[in-house]
Amino acid sequence: MEYIDRLPSMDLMRSEKMMLAQLIIPVESAHRAVSYLGQLGLLQFRDVSSDPLFYQLPLWFSVYTCYMLVKLVAWERLLNDDKSPFQRTFVNQVKRCAEMSRKLRFFKDQIHKAGLGLSPHPASETDIELEDLEVGLAEHEHELLEMNHNSEKLQKAYNELLEFKMVLQKAGDFLMPDGNHSADHETELDENVHTNNDYADSASLLEQEMQPGLSDQSGVKFVSGVICKSKALRFERMLFRTTRGNMLFNQAPADDPIVDPASNEMVENIVFMVFFSGEQARKKIHKICEAFGANCYPVPEDSIKRRQITRDVLSRLSELETTLEAGLRHRDAALNSIAFQLTKWMNMVRREKAIYDTLNMLNFDVTKKCLVGEGWCPIFAKTMIQDALQRATFDSSSQVGIIFHVMDSIESPPTFFRTNHFTNAYQEIVDAYGVAKYQEANPAVYTVITFPFLFAVMFGDWGHGICLLLGALVLIAREKRLGSQKLSSFMEMLFGGRYVLLLMSLFSIYCGFIYNEFFSVPFHIFGSSAYKCRDATCRYQFVPQMIFLNSLFGYLSLLIIIKWCTGSQADLYHVMIYMFLSPFEDLGENKLFWGQAVIAVPWMLFPKPFILKRLHTERFQGRAYGILGTSDMYSDEEPDSARHPHGEEEFNFSEVFVHQMIHSIEFVLGAVSNTASYLRLWALSLAHSELSTVFYEKVLLLAWGYNNFMIRLVGLAVFAFATAFILLMMETLSAFLHALRLHWVEFQNKFYSGDGYKFKPFSFASLTDEDE
Amino acid sequence: MYGFEAMTFNIHGGYLEAIVRGYRSGLLTAADYNNLCQCETLDDIKMHLSATEYGTYLQNEPSPLHTTTIVEKCTLKLVDEYKHMLTQATEPLSTFLEYITYGHMIDNVVLIVTGTLHERDVQELLEKCHPLGMFDSIATLAVAQNMRELYRLVLVDTPLAPYFSECITSEDLDDMNIEIMRNTLYKAYLEDFYRFCQKLGGATAELMSDLLAFEADRRAVNITINSIGTELTREDRRKLYSNFGLLYPYGHEELAICEDIDQVRGAMEKYPPYQSIFSKLSYGESQMLDKAFYEEEVKRLCLSFEQQFHYAVFFAYMRLREQEIRNLMWISECVAQNQKSRVHDSVVFIF
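Since the structure is predicted, the reported quantities are computational estimates derived from the model, not experimental observations.

Let's talk about the overall build of chain B
When helices and strands are counted, chain B shows 18 helices and zero strands. Within the span of chain B, comprising 351 residues, buried residues form 54% of the whole. Put simply, 64% of the contacts in chain B that link residues at least 6 apart link residues at least 24 apart. As displayed, chain B has an accessible area near 15,700 Å², and 51% of this comes from carbon and sulfur atoms.

In structure tokens, the structure reads:
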């Protein structure tokens, strides 16, 4: 054990050592303590609010509690083990925070609608108390709502006037035949100067004659108003149906669109005027107008009156306009002042809510003076946490300190790998398959190299590799700038995997050199060689537990190395295949070593079950000792096996042997099929090189064959396009996916159980970009 | 061709079937109902719902909540989901989805017409309408004075027009007329929907004819019970029953002459599926009948999710969600009026 302890720490390979700690926090310092822990971000709280208390408290505490219990009789609360969310302790505070964040969302929405921007950097002057903020927010909301209400009212009045104005203007056109237009203007003049112009007189006489004729003599009346353009057709149809066609519908598009106060959008309207006769029809038309939301305005038939009203309306309109504008300015100013603080407030409310949510996970002890909580933290963080707790006690000037002590735990701790910029992406790739069990070997360590390497085997072309490298370098060079801004989902993915991209491109360049490929043009830098596509099936031999595999595929790798060394012409595929099909026949020139098959086949079939059997026996022996020696530890870890230890102690050979047989057949099949799966490396690398050859030969070289500049240009363009989109983007994606599959399915299923859970500390830093 | 839907169904219907099954898994669970029933105030209900799929619809509501707001927002979610499915759907699924809303359309027409008859404000009535049953000129219904006008002015443009052929009269509208109109329309609607589903064939026809038959039978029972003691003649009553379903035709003959609830029970108990419903009720009782029918309906709707490659899941999902909203409304009403002991009276659990 000492030896193991003295080994260098394996930060990447194994999870950080975790411990379960219990916190007993006096009520007065609880809020501050939790907020300090949130700043530190190294403690993951467990939800203990519904646990019965006895099991969590240390012994001295439970003796004390028992004593108190006799007095207090708080049994019922203690044993209430299923609390719904709104029965928790700090539920009111959580509700208040939710209400505040609703208000903040409302402000944000308003600011957005007004076309103002948020100040990106939170103004960090004075810290305000939550209570003050709550009052402030309520005031702001009230103020804003009132302003909105007022401006809506004003806007409505303004809209009505505007519509009235338009109706009045258009009504003139509807009421007068075309010829009277000029007369209309002249009557105006004539009215003012009182000249006895014959023509003008006769015109106005004509007008006066005509209008009574319209309304009184034949009983024709009209209704005029404004309706939304999209409803106009249906409106007209409905009018036609109700009056059985006994009406005349005149319409004209309104000049200006009107702002709908409810949705704040511009609505295009039309002005209409319906002529009809009869009282019954009038009622119906009014009802229809009401149903369609058309606003009707009374238009005097007399043109003089009309002009008077128009003048009136115009003056009121300009008045209203100034009022509206002033209101808007006032509102914008108010919103601006809010916008200045909004980001800060939002952060603050979000934090407060997180703190109360966390406090809800704690439990009151029986005396109701302390909160009891449990949480996981890495061992290295112990001093930091204790420090933070001490500060909290001091700052809240509490009499009693916060008790922090380590507990034994039954359940497995969360897994916590410390990663940096570089390893993070690889860790993510592994975590997407499954989070490592606590203290399980972390495949991310291998993945850092194997993943880009497998990718490169499929994408081996140093020309394309350089293109990828440039892309990766651009992303890395702009790391600071891109990291701070919000990216689209695709860019975010690309940016997150920038270091994966970097290594992938470097390895592609390397493999490209080995394959002698540069945009499918052979570049003989290391001389001609033939290992391309041949060695792919057996590159992959670092799986430690594959004793069996080594007998078959290890042999294959050996053969390959021998082949490289001796320059034999033997076809390795033949060797491998005939080894199974006809182990004792002469393989002709494909023969490398005499007797290879005789050794290899039994080597493959026999040792495996025996080794497994031995392993199995060892395991059982080990377990038997384990039960004798540390039985309580076993009962913690494996409750099932601990419950019937004697049943399994007897070694039932036939059963185990059958099980082993099934298992070994499964393993053999799995190994063969998985290894065959690695053929995709070969297939894809071939596909990639063939594809690029096709583009190179059939497009670029073909185009170059012509002596025409244009054709060459087009050929070059097509080639560049195909290279960029098909070879660089699509092929990268496919090689990436295949490498991913090889890691997840073929590599990790050999040893990686990945059934742990991730360490998610309570931290303010992870809150900020949430809930957008 | 029954049994071969699996070959072609997914070409057009696969995506939406997956969507609707996803929606269905968002229905509130037993634990949710348990928590909701323990709520003390409407704010508690809001807080609890904020953890469910209704969260985004309720989160921006200012605090003194009303039951109507909760119901309105929950319905809005259903409408959004329905619209999403409708825009994605191709024929004949889109027609099928449209059929689902016709029932609400009939209810809305009746609501507006009745409301205008009692001189309510049209805007106020419009707010009460179910958003799924809205159509363009619905507000104009207020203009009509009798059935003929109703049809000629407004409904001729709606999908309900063909159902109206039975009830065009020049009589002035009154409560009785309107109720008869509702049932005649509903009868025509159910029969049309039934025919449409039969035409679709396969599992859809099988499951939908079962569900629609249940609906038709339930309506027949309700019509019978509601018309006991009114001036509706036996022949008129008989005319309102849909011409399909388990009770058709002999059960209808018996229902048509029923004069009290126990006679209805006598008629219904001859049909095994309904026997279990009526056996839960004590004699002379009809209040709990609705709940018993809803429970049976929910059971049948849930069963339709057991089969794949058919459209009945869409119908079932819409109905289940509506039932859930009814449950929420009842729970909120009970909480708001401090009648928590009655919470379980009308809640139909959907699991």
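Quick look at a nonpolar patch on the surface
Residues and elements named next belong to chain A. A contiguous nonpolar surface patch, about 560 Å² in accessible area, is contributed by Phe 490, Met 493, Phe 721, Phe 725 and Met 729. The set of elements that each furnish at least two residues to the nonpolar patch consists of helix H17 (489–496) and helix H28 (709–747). In terms of residues, the nonpolar patch owes the most to one element, H28, which gives three residues. With respect to the element layout, Phe 721 can be found in helix H28. Residue Phe 721 is classed as exposed on the basis of its relative accessible area of 53%.

Quick word on the confidence of the model for chain A
One rule of thumb: low pLDDT means the predicted coordinates there are not for detailed reading. Here chain A averages 71 in pLDDT, while 66% of its residues score no lower than 70. Predicted confidence is poor over residues 53–57 of chain A, with pLDDT under 50, and the contacts of this stretch with residues over four places away or in other chains come to 21 contacts.

Quick notes on the interface of chain A and chain B
With 21 residues of chain A at the interface, the matching set in chain B holds 28 residues. A combined buried area of about 2,100 Å² lies between chain A and chain B, and 54% of that area is made up of carbon and sulfur atoms. Taken together, chain A and chain B are joined by four salt bridges. Two residues, Asp157(B) and Arg237(A), come together in a salt bridge whose shortest N-O distance is 3.3 Å. The interface formed by chain A and chain B includes eight residue pairs in polar contact (both at pLDDT 80 or more). Of all the secondary-structure elements, those providing two or more residues to the side of chain A that touches chain B are helix H5 (91–113), helix H9 (232–242) and helix H10 (279–292) of chain A. Considering each element in turn, the side of chain A that touches chain B owes the most residues, six residues, to H10(A). Its residues assigned to classes, the side of chain A that touches chain B comprises seven nonpolar, three polar and eleven charged.

A few points about the nonpolar core
Nonpolar side chains in soluble globular proteins tend to be buried together. Of all hydrophobic cores here, the largest spans 117 residues; its most connected members are Met85(B), Phe96(B), Phe193(B) and Phe314(B). Among the elements that take part in this core, helix H17 (residues 312–336) of chain B stands out by supplying 13 residues, more than any other. If we skip the residues at most four places from it in the chain, Phe96(B) touches Phe193(B), Phe196(B), Cys197(B), Leu200(B), Thr204(B), Met208(B), Tyr311(B), Ala312(B), Phe314(B) and Phe315(B). Val34(A), Ala334(A), Leu335(A) and Ala339(A) belong to the second-largest nonpolar core, a separate cluster that totals 52 residues.

Regarding the UniProt feature "transmembrane region" (unreviewed entry) in chain A
The UniProt feature table records "transmembrane region" (unreviewed entry) at residues 453–476, 497–515, 547–566 and 709–730 of chain A. The span residues 709–730 of chain A carries 100% helix and 0% strand; its end-to-end C-alpha distance comes to 30 Å.

Quick look at the packing of helix H2 (residues 14–25) of chain B against helix H6 (residues 67–88) of chain B
Residue and element names in this part refer to chain B. Contact geometry of H2 with H6 gives a least axis separation of 10 Å together with a crossing angle of 170°. On the basis of their axis angle, the class for H2 and H6 is roughly antiparallel. Of the residues in H6, those touching H2 at Tyr 15, Leu 16, Ile 19, Val 20 and Tyr 23 are Glu 81, His 84, Met 85 and Gln 88. Residue classes in the contact of H2 with H6 are distributed as six nonpolar, two polar and one charged.

Comments concerning a negative patch on the surface
All names here are of chain B. Taken together, the side chains of Glu 171, Asp 172, Asp 174, Asp 175 and Glu 231 define an acidic patch exposed on the protein surface. Within the secondary structure, Asp 174 is located in the loop between helix H9 (147–154) and helix H10 (175–200). Judged by relative accessible area, which is 35%, Asp 174 ranks as partly exposed.

Concerning the environment of Thr732(A)
All names here are of chain A. Mapped onto the elements of the fold, Thr 732 is located in helix H28. When the C-alpha positions of Thr 732 and Met 504 are compared, they lie 9.6 Å apart, and in sequence the two are 228 residues distant. Ignoring any residue separated from it by four or fewer positions in sequence, one finds Thr 732 in contact with Phe 455, Phe 459, Leu 468 and Leu 727.

What about the sheet that holds strand S7 (residues 269–277) of chain A?
Residue and element names in this part refer to chain A. If you walk across this open sheet you meet the four strands as S4-S7-S3-S8, and the pairing is antiparallel. Each having just a single partner strand, strand S4 (248–253) and strand S8 (295–296) make up the two edges of the open sheet. In this structure, S4 lies alongside S7, joined through six bridges in antiparallel fashion. Bridge pairing links Gln 251 to Phe 272 in S7.

As for the environment of Asp260(A)
All names here are of chain A. With respect to the helices, strands and loops of the structure, Asp 260 is situated in strand S5 (residues 258–260). Residue Asp 260 is classed as partly exposed on the basis of its relative accessible area, which comes to 27%. Remark: the alpha-carbon pair of Asp 260 and Lys 156, spanning 104 residues in sequence, is separated by 8.4 Å. In contact with Asp 260, other than residues within four places in its own chain, are Glu 265 and Val 267.

Overview of the packing of aromatic side chains
Under the counting rule described, the total for this entry stands at 41 aromatic pairs over all chains. Centroid distance Phe96(B) to Tyr311(B): 5.6 Å. Interplanar angle 50°. Geometry classified as tilted. Residue Phe96(B) is found in helix H7 (residues 93–117), and its partner Tyr311(B) is found in the loop between helix H16 (289–303) and H17; the two are separated by 215 residues along the sequence. Both residues of the pair, Phe96(B) and Tyr311(B), belong to the buried class. The interplanar angle of 55° and the centroid separation of 6.2 Å between the aromatic rings of Tyr163(B) and Tyr189(B) together place this pair among those described as tilted. In this pair, Tyr163(B) sits in the loop between H9 and H10 while Tyr189(B) sits in helix H10, placing the two residues 26 residues apart along the sequence. Across the pair, Tyr189(B) and Tyr163(B) agree in class, each one buried. In this arrangement the basic side chain of Arg391(A) is found over the ring face of Tyr36(A), its NZ or CZ atom lying 4.8 Å from the centre. Across the ring face of Phe495(A), the terminal group of Arg498(A) is positioned such that the distance to the ring centre comes to 4.1 Å.

Regarding unusual backbone geometry
Residues and elements named next belong to chain B. With an omega of -5°, the peptide bond running from Glu 91 to Pro 92 counts as cis. Tracing the backbone shows Pro 92 in the loop between H6 and H7. The backbone of Phe 309 sits at a positive phi, close to 65°, despite the residue not being glycine. Mapped onto the fold, Phe 309 is located in the loop between H16 and H17. Overall, the relative accessible area of 18% leaves Phe 309 in the buried class.

What to know about the pairing of strand S3 (residues 220–228) of chain A
All names here are of chain A. In this structure, S3 lies alongside S7, joined through nine bridges in antiparallel fashion. Looking at S7, one finds that Val 226 is bridged to Val 271. The sheet contact formed by S3 and S8 spans two bridges and is antiparallel. When the sheet's bridge partners are listed, Gly 225 is paired in S8 with Cys 296.

Parameters at a glance
- Residue positions are given per chain, counting from 1 as you read along its sequence in written order.
- As they are written, the chains are lettered A onward and the ligands numbered 1 onward, keeping that order.
- Given that this is a predicted model, residues contribute local features only at a pLDDT of at least 70 and side-chain atom pairs are listed and counted only at 80 or more, while totals for whole chains, interfaces and linings are drawn from all residues.
- Water and hydrogen atoms play no part in the side-chain values, which are based on all heavy atoms of the structure.
- To qualify as a helix, a DSSP run of H or I must reach at least 4 residues; to qualify as a strand, a run of E must reach at least 2; elements of each kind are numbered from the N terminus.
- Relative accessible area decides the class of each residue, using a 1.4 Å probe on protein chains only: under 20% of the type maximum gives buried, over 50% gives exposed, and in between gives partly exposed.
- Should any heavy atoms of two residues lie within 4.5 Å, those residues are considered in contact.
- Using a 1.4 Å probe, accessible areas were evaluated by the Shrake-Rupley method; residue-level cover was limited to the displayed protein chains.
- Patch definition: residues with relative accessible area over 30% and no salt bridge; like charges joined within 9 Å; nonpolar side chains (Val, Leu, Ile, Met, Phe, Trp, Tyr) joined within 5 Å.
- Here, a salt bridge means any Lys or Arg side-chain nitrogen found within 4 Å of an Asp or Glu carboxyl oxygen.
- For every residue, the predictor reports its confidence as pLDDT, a number between 0 and 100.
- We define buried area as the total accessible area lost by two parts upon association, computed with a 1.4 Å probe and summed across both.
- Polar contacts here mean pairs of N or O atoms no more than 3.5 Å apart (in protein, one a potential hydrogen donor and the other a potential acceptor; neighbouring residues in sequence count only if both atoms are side-chain atoms).
- Only Asp, Glu, Lys and Arg are considered charged, only Ala, Val, Leu, Ile, Met, Phe, Trp, Tyr, Cys and Pro nonpolar, and every remaining residue, Gly among them, polar.
- To form a nonpolar core, buried Ala, Val, Leu, Ile, Met, Phe, Trp, Tyr and Cys residues must be joined to one another through side-chain atoms within 4.5 Å.
- UniProt positions are given in the numbering used here, feature names are shortened, and annotations may be inferred rather than shown by experiment.
- Orientation is described by lines fitted to C-alpha atoms, with helices fitted over the stretch in contact, and by angles between N-to-C directions that extend from 0 to 180 degrees.
- Reported orientations rely on four angle classes, namely roughly parallel under 35 degrees, roughly antiparallel over 145, roughly perpendicular from 65 to 115, and oblique for the rest.
- The charge count treats Lys and Arg as positive and Asp and Glu as negative. His and the chain ends do not count.
- By convention, the point assigned to a charge is CZ for Arg, NZ for Lys, CD for Glu and CG for Asp.
- For two strands to pair, DSSP has to find at least two bridges joining them.
- Between rings of Phe, Tyr and Trp, where Trp is taken as its six-membered ring, a pair exists when centres lie within 6.5 Å; planes separated by under 30 degrees are stacked, by over 60 edge-to-face, and by other angles tilted.
- Note on geometry: a ring has a charge over it if NZ (lysine) or CZ (arginine) is within 6 Å of the ring centre and within 35 degrees of the ring normal.

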